[in-house]
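Here is what each chain is made of, one letter per residue.
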Amino acid sequence: MSDAETTAWGAPWSAPFWEASREQRLVLQWCTSCNVVIHYPRPVCPTCMGDALEWRPAAGNGEVHSHTVVHKGRHPTLTAPYVVALVTLVEGARMMTNIVGCEPSEVKVGMAVRIRWEPQDDGRHLPLFEPTT
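One numbering rule holds for all chains: residues counted from 1, following each sequence as written. Selection of residues for local features in this predicted model requires a pLDDT of at least 70, selection of side-chain atom pairs for listing and counting requires 80 or more, and totals for whole chains, interfaces and linings are taken over all residues. Side-chain numbers here rest on the full set of heavy atoms in the structure, without hydrogens or water.

Colleague: Looking at this model, I keep getting lost on the pairing of strand β5 (residues 82–89). Mind explaining?
Modeller: Two faces make up the sheet, and in a regular strand the side chains alternate between them. Among the eight residues that make up β5, six are buried, leaving the element largely enclosed by the rest of the structure. In the sheet, strand β4 (residues 61–70) pairs with β5 via eight bridges, with the strands oriented antiparallel. Looking at β5, one finds that V69 is bridged to V83. Examined bridge by bridge, β5 and strand β6 (residues 94–99) share six bridges and lie antiparallel to one another. Looking across to β6, one finds that V83 is bridged to I99. A simple rule labels every residue: compare its accessible area, found with a 1.4 Å probe on the protein chains alone, to the largest value its type can have, and call it buried under 20%, exposed over 50%, or partly exposed in between. Runs of E in the DSSP output that reach at least two residues are strands. Runs of H or I that reach at least four are helices, and both are numbered from the N terminus. Strands are treated as partners if at least two bridges between them are detected by DSSP.

Right, dumping it as structure tokens:
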């Protein structure tokens, strides 16, 4: 991955997250010193400030912790209305994402969701979430 790609998609320490997305795999950073899951990726653990970090596979399941419906979109690739949500993953991390696959009015706090990958032009995928059925 080039420096330009890393800069475009975030800090260098998030590269394993984006590389796994190429294979539609969700991985999360874990601190091996205090056994805490970390998301968004960082160079040190926000709990113990240690740097003994590793990447572990994640299930891709969770529930909606909080959400809002955007009625007037500001980005050309997102057609309003759309849902921006904070999803609590079963591993304990929270991830900011979009909820897709249902009407925005159907999204509720506590709704069970699973990951759905949206392909990008460079081969990576964005993690979105949809209701489980």
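Colleague: Can you walk me through the packing of aromatic side chains in this structure?
Modeller: Two measures describe an aromatic ring pair: the distance that separates the ring centres and the angle between the ring planes. Note on aromatic contacts: the rings of Phe and Tyr and the six-membered ring of Trp form a pair at centre separations within 6.5 Å, being stacked when their planes are under 30 degrees apart, edge-to-face when over 60 apart, and tilted otherwise. The tally for this structure, following the rule as stated, stands at one aromatic pair. Seen in terms of ring centroids, F17 and W18 are 5.0 Å apart; in terms of plane orientation they differ by 90 degrees. Their pairing is edge-to-face. Of the two residues, F17 and W18, both sit in the buried class. Positioned above the aromatic ring of Y40, the side-chain terminus of R42 is 3.9 Å from the ring centre. Here, a charge over a ring means that NZ of Lys or CZ of Arg falls within 6 Å of the ring centre while also lying within 35 degrees of the ring normal.

Colleague: Even after reading the chapter, I still don't get the sheet that holds strand β3 (residues 53–57), so can you show me in this structure?
Modeller: Working definition: the strands of a sheet are paired by backbone hydrogen bonds and lie parallel or antiparallel to each other. In space, the three strands of this open sheet follow the order β2-β1-β3, with antiparallel pairing throughout. This sheet does not close on itself; its edge strands, each paired only once, are β2 (36–38) and β3. Ignoring which end each strand starts from, the neighbouring axes of this sheet average 40 degrees apart. Here five bridges tie strand β1 (residues 27–31) to β3, and the two strands are oriented antiparallel to one another. The residue bridging V27 from the neighbouring strand is P57, located in β3. Here an axis means a line fitted to C-alpha atoms, over the contact stretch when the element is a helix, while the angle between two N-to-C directions is reported on a 0 to 180 degree scale.

Colleague: Before we go on, may I ask you to explain the nonpolar core in this structure?
Modeller: The nonpolar side chains of soluble globular proteins are, as a tendency, buried together. What we call a nonpolar core is a set of buried Ala, Val, Leu, Ile, Met, Phe, Trp, Tyr and Cys residues that are connected through their side-chain atoms within 4.5 Å. Among the nonpolar cores identified, the biggest contains 21 residues, and L26, L28, V87, L89, I99, V113 and F129 are the most heavily contacted of them. Counting only elements with at least two residues in this core, the list comes to α2 (15–21), β1, β5, β6 and β7 (112–119). No other element matches the four residues that β5 contributes to this core. Those residues within four positions of F129 in sequence are excluded, and the remaining contacts are G60, V87, L89, M95, T97, N98, I99, V100, V113, R114, I115 and R116. By definition in these notes, contact holds between two residues if any of their heavy atoms fall within 4.5 Å.

Colleague: When you look at unusual backbone geometry in this model, what are you seeing that I'm missing?
Modeller: The omega torsion across H39 and Y40 is 10 degrees, close enough to zero to call that bond cis. Mapping Y40 onto the fold places it in the loop between β2 and β3. Positive phi, normally seen in glycine, also occurs at Q24, with a value near 55 degrees. In this structure, N35 takes a positive phi of about 55 degrees despite not being glycine.

Colleague: Sorry, what's going on with the pattern of salt bridges here?
Modeller: A side chain of one charge can pair with a side chain of the opposite charge if their charged atoms are brought near each other. Salt bridge, as used here, is a side-chain nitrogen of Lys or Arg placed within 4 Å of a carboxyl oxygen of Asp or Glu. Enumeration according to the criterion identifies six salt bridges in this entry. As a salt-bridge pair, E23 and R25 come within 2.8 Å of each other at their nearest N and O atoms. For E23, a relative accessible area of 54% corresponds to the exposed category. Between R114 and E130 there is a salt bridge, with its nearest N and O atoms 3.1 Å apart. One end of the pair, R114, is in strand β7; the other, E130, is in strand β8 (residues 125–131), with 16 residues separating them in the sequence. A single network of salt bridges, built from pairs that share partners, joins R114, R116 and E130.

The quantities given are spatial measurements derived from coordinates; they are silent on function.
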